[in-house]
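Here is how the chains run, residue by residue.
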Amino acid sequence: MSEYQYYEFLALDRPLTAEQQAEMRQLSTRARITATSFTNEYHWGDFKGDPLKLVRGPYDAHLYYAVWGARRLVLRLPAMAFDGVDLDAYAVVDAADIATHRKYVIWDVSSEGKEEDWEDDESFSLGVLSGLRGEMLAGDLRPLYLAWLAAVGVWERDEDAFDYETDEHTIEPPVPPGLGSLTGPQVALAELLRLDQDLLAEAATTSPPLGRTGPVEYRAWVKDLPDTVKVDALVALLDGDVGTAHAVLLARHRGQLSGVGPGAAHDDEARTIGGLLDQAAKRRAARVEAGAAE
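Presented here is a report on the structure given in the accompanying data block. (Residues numbered from 1 in each chain as written. Predicted model: local features only at pLDDT ≥ 70, side-chain atom pairs only at ≥ 80, totals over all residues. Heavy atoms only, no water.)

**A few points about the environment of D50**
Stated precisely, the cut-off is as follows: Only DSSP runs of H or I reaching four residues or more are called helices, and only runs of E reaching two or more are called strands; each is numbered from the N terminus. When accessible area is computed with a 1.4 Å probe and restricted to protein chains, residues below 20% of their type maximum are described as buried, those above 50% as exposed, and intermediate ones as partly exposed. The term polar contact refers here to a pair of N or O atoms within 3.5 Å; inside protein, the definition further demands a hydrogen-donor-capable atom paired with an acceptor-capable atom, and it admits residues adjacent in sequence only when both atoms are side-chain atoms.
Mapped onto the elements, D50 comes out in the loop between β3 (37-42) and α2 (51-56). Taking relative accessible area as the criterion, D50 reaches 44% and is therefore assigned partly exposed. Placed 23 residues apart in sequence, D50 and L27 show a C-alpha to C-alpha distance of 9.6 Å. Within polar-contact distance, the side chain of D50 engages the backbone nitrogen of L52 at 3.1 Å.

Pasting the structure below:
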């Protein structure tokens, strides 16, 4: 048990061919492999493959965790889904990496813990966490912000990771709406990345309520789309590239609804990382004091 590691991959847009499944079998003789998934647990050995390479290839999602506290989630998404979004603003080196690969964005987020924090009943599910992909394809940037927030939150606990000359005065990225009412996959992401709840509560104070668009609004909007856009989306859909078709339409819809980032906080509401962490610390101290007084 001291060497326990868990690896899981999912193919969400396209199932693996028999040839691809055979290639995956070369990486592990014990893994459970299907046309849409790869799952294996290691107690004494290690995985022979490169998770990042596999997500760039046949898989769209990857989950990893280990007994020594390491946790990692990697998602591949069509780059079209992020047209007009400053992805670099949500990136943190070695904790929330965002890179492009061909027509995709690779979102690679992780958290490091301690072995003494390990619980035998680890309940993280890639089936749940992969729901983040659909949310981001629909224009929801809360997962990006949550991963960024969890990454900078580590700096409060580990002062050696904080660069006071640059990071303390860095402005937070645009704050998406709905931080006060997270979805199930987003709650799971916050738990996976050990996001401090006081920091989340403080961040949510400038997050507006989440707006909603229904079938009626979509129908009226689709009628006015240029034929070329409709054709491109339908061709991608018929070719089995559901993610791209979805992303093309929703990115265009999001861009036409607003000329700025979706739900972004106004400039006068922007906070520095140092200020955000300080306010979260004050919130935590007040909560602890109130609890002690009861």
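That was the structure; now back to the text.
**Things to note about the environment of L75**
The condition that has to hold: Whether two residues are in contact is decided by their heavy atoms, any of which lying within 4.5 Å being enough.
Inspection of the secondary structure assignment puts L75 in strand β5 (residues 71-78). Along the chain, L75 and L129 lie 54 residues apart, while their C-alpha atoms are 9.5 Å from each other. Among all residues touching L75, those that are not within four sequence positions of it are V55, D60, A61, V105, I106, W107, L132, R133 and M136.

**Remarks on unusual backbone geometry**
A negative phi angle characterises most non-glycine residues, just as the trans form characterises most peptide bonds. A positive phi angle is found at D94, which is not glycine, with a value near 70°. Take D94: it is sitting in the loop between β5 and β6 (96-101). For D94, a relative accessible area of 63% translates into the label exposed. Although it is not a glycine, R194 sits at a positive phi angle of roughly 55°. Residue placement: R194 occurs in the loop between α6 (184-192) and α7 (197-203). Look at R194 and you get partly exposed, because its relative accessible area is 23%.

Spatial relationships are all this shows, so hold off on functional conclusions.
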